[in-house]
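Architecture at a glance
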Amino acid sequence: MKQHMIFFDIDGTLLDDEQGIVPESTVRALHQARENGHLLFICTGRCQAIWPSDILDIGFDGVVGGCGTHIVYHGEELLHAVIEPDLRNEIVADLRKYHIDGILESKHNSYFRKDCWMPVVKTIFEGNGTFSTDCQKFWDDDELVFDKMALWFDDSSDMAAFKAKYEDRFSFILRDPTFYEIVPKEYSKATGIEFLCRKLGIDRENTIGVGDSTNDLPMLSYTGISVAMGSGNPDIFPVVDYVTAAVMEDGIEKALKKYKIIF
């Protein structure tokens, strides 16, 4: 059996969006895959400040975090890219100018507007379990450092102007009609996987990506085998090799059995 590297998104893939749990069948399948000699990675848009410890504790060989801006393998940090200071300050000024809400994400902290107003952002800030309060800070913090952005907007925002100014330097991933995930153009889930293929000497054809959303498209387009969760965004279904069952319907276990990673 060839050794594979298998990459899993968190939200909507490992973790069920509605119930907020990882099903037992997924945990069982992951343990069996590692026992069979395969390397398992989380591949997420989340920066390290909000990597869930209960999911890490399941047992992974590493993490491609922040949509490829941060890579850890067996506890060793192999790559971490941050947005340089002058550009960070310019971005914050423009977010205020164009009245855009959101979260500036980093290895250690998640930075919010003090006057956040978008309902999703307020819910996250007020504590729905996504972000822990000890890593919450504000945009005007003296030590502001961030790797990527999650930005929400409404009719009072000029997102078009912000996007026009920065789209040559950042990838704007539309997650829903009022939400962009924004990552430096040099990085994506695909670049993170490519980096690990080179580092570990594993052929691209021996990689598997499992995801559910549009920010998984770079990963799913790159890996040798691509799998979409049946409970995910149907927009990604046409580009994958296999659409498995929903998260809570043993989707990951079924996919790993289909490709003979587990039996």
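See above for the structure.
Everything numeric here is computed off the predicted structure, so don't read it as measured data. (Residues numbered from 1 in each chain as written. Predicted model: local features only at pLDDT ≥ 70, side-chain atom pairs only at ≥ 80, totals over all residues. Heavy atoms only, no water.)

1. Section: the pairing of strand S4 (residues 70-73)
Neither face of S4 is exposed, since His-70 and Val-72 on one face and Ile-71 and Tyr-73 on the opposite face are all buried. Relative to S4, strand S3 (residues 62-65) is paired through four bridges, and the arrangement is antiparallel. Along S4, the bridge assignment pairs Gly-62 with Tyr-73. In this antiparallel pair of consecutive strands, S3 and S4, the connection spans four residues, and Gly-66 shows a positive phi of 55°. By the bridge criterion, four bridges tie S4 to strand S5 (residues 76-80) in an arrangement that is antiparallel. Each bridged residue has a counterpart across the sheet, and for Ile-71 the counterpart in S5 is Leu-79. (Buried < 20%, exposed > 50% of the residue type's maximum accessible area, 1.4 Å probe, protein only. Helix = DSSP H or I, 4+ residues; strand = E, 2+ residues; numbered from the N terminus. Pairing = 2+ DSSP bridges.)

2. A short note on the pattern of salt bridges
Overall, the coordinates contain 17 salt bridges when judged by the stated rule. For Asp-9, the salt bridge goes to Lys-189, with nearest N and O atoms at 3.2 Å. With Asp-9 in the loop between strand S1 (5-8) and helix H1 (24-35) and Lys-189 in helix H6 (residues 189-200), this pair connects stretches of sequence that are 180 residues apart. A relative accessible area of 1% means that Lys-189 is categorised as buried. With a closest N to O distance of 2.9 Å, Lys-163 and Glu-167 form a salt bridge. If you follow the salt bridges from partner to partner, you end up with Glu-105, Lys-148, Arg-175 and Glu-181 in one network. (Salt bridge = Lys/Arg side-chain N within 4 Å of Asp/Glu carboxyl O.)

3. Quick notes on the packing of aromatic side chains
Aromatic ring pairs are reported here in terms of the distance separating the ring centres and the angle at which the planes meet. Applying the stated rule across the entire model yields eleven aromatic pairs. Look at Phe-41 and Tyr-73: their rings are 6.0 Å apart centre to centre, the planes differ by 20°, and that puts the pair in the stacked class. Separated by 32 residues along the polypeptide, Phe-41 in strand S2 (residues 39-43) and Tyr-73 in strand S4 bring together distant segments of the chain. With respect to class, Phe-41 is no different from Tyr-73; both count as buried. Where Trp-152 meets Phe-179, the ring centres are 4.1 Å apart and the plane angle is 5°; that geometry is what we call stacked. Taken together, the positions of Trp-152 in strand S9 (residues 148-152) and Phe-179 in strand S11 (residues 179-184) put the pair 27 residues apart, joining distant regions of the chain. Of the two residues examined, Trp-152 and Phe-179, each falls in the buried class. (Phe/Tyr/Trp six-rings, centres within 6.5 Å; stacked < 30°, edge-to-face > 60°.)

4. What about the sheet that holds strand S13 (residues 225-228)?
Note on sheets: strands pair through backbone hydrogen bonds, and any given pair is parallel or antiparallel. Reading across the sheet, the eight strands line up as S5-S4-S3-S2-S1-S12-S13-S14 and stay open at both edges, with mixed pairing between neighbours. Two strands lie at the open edges of the sheet, namely S5 and strand S14 (242-243), each paired on one side alone. In this structure, S13 lies alongside S14, joined through two bridges in parallel fashion. Considered in S14, the bridge of Val-227 is made with Tyr-242.

5. Brief notes about the packing of H1 against helix H8 (residues 251-258)
Between H1 and H8, the least distance of the axes is 7 Å, while the angle of their chain directions is 30°. Residues Ser-25, Thr-26, Arg-28, Ala-29 and Ala-33 of H1 pack against Ile-252, Glu-253 and Leu-256 of H8. Classifying every residue of the contact of H1 with H8 by side-chain character gives four nonpolar, two polar and two charged. (Axes fitted to C-alpha atoms, helices over the stretch in contact; angles between N-to-C directions. Contact = heavy atoms within 4.5 Å. Nonpolar A, V, L, I, M, F, W, Y, C, P; charged D, E, K, R; others polar.)

6. Quick word on unusual backbone geometry
Not every positive phi belongs to a glycine, and Asp-250 is a case in point at roughly 65°. Inspection of the secondary structure assignment puts Asp-250 in the loop between S14 and H8. A relative accessible area of 28% means that Asp-250 is categorised as partly exposed. Even without being a glycine, Lys-260 presents a positive backbone phi close to 60°.

7. Examining the nonpolar core
Within the largest apolar cluster, 28 residues are counted, with the highest numbers of intra-cluster contacts made by Phe-8, Leu-14, Ile-55, Phe-60 and Leu-256. Among the elements of the structure, S1, H1, S2, strand S12 (207-211), S13 and H8 are those that each provide at least two residues to this core. (Core = buried A, V, L, I, M, F, W, Y, C linked by side-chain atoms within 4.5 Å.)

8. Section: H1
Over its twelve residues, H1 runs 17 Å from end to end, which matches the ideal 16 Å to within 8%, given 1.5 Å per residue. In the core, the buried residues of H1 are packed alongside S1, S2 and H8. At the C-terminal side of H1, Gly-37 shows a positive phi close to 95°. (Expected span 1.5 Å × (residues − 1).)

9. Quick word on the sheet that holds S9
Sheet architecture is open: six strands sit in the order S8-S7-S6-S9-S11-S10, paired in mixed fashion. Each edge of the open sheet carries a strand with a single partner, namely strand S8 (136-138) and strand S10 (170-176). Along the sheet, successive strands turn relative to each other by an average axial angle of 25°, direction set aside. As defined by bridge partners, S10 adjoins S11 across six bridges and the pair is classed as antiparallel. Among the inter-strand pairings, Phe-172 is bridged to a residue of S11, identified as Ile-182. Together, S9, S10 and S11 form the strand contacts of helix H5 (residues 159-166), whose direction differs from that of S10 by roughly 145°.

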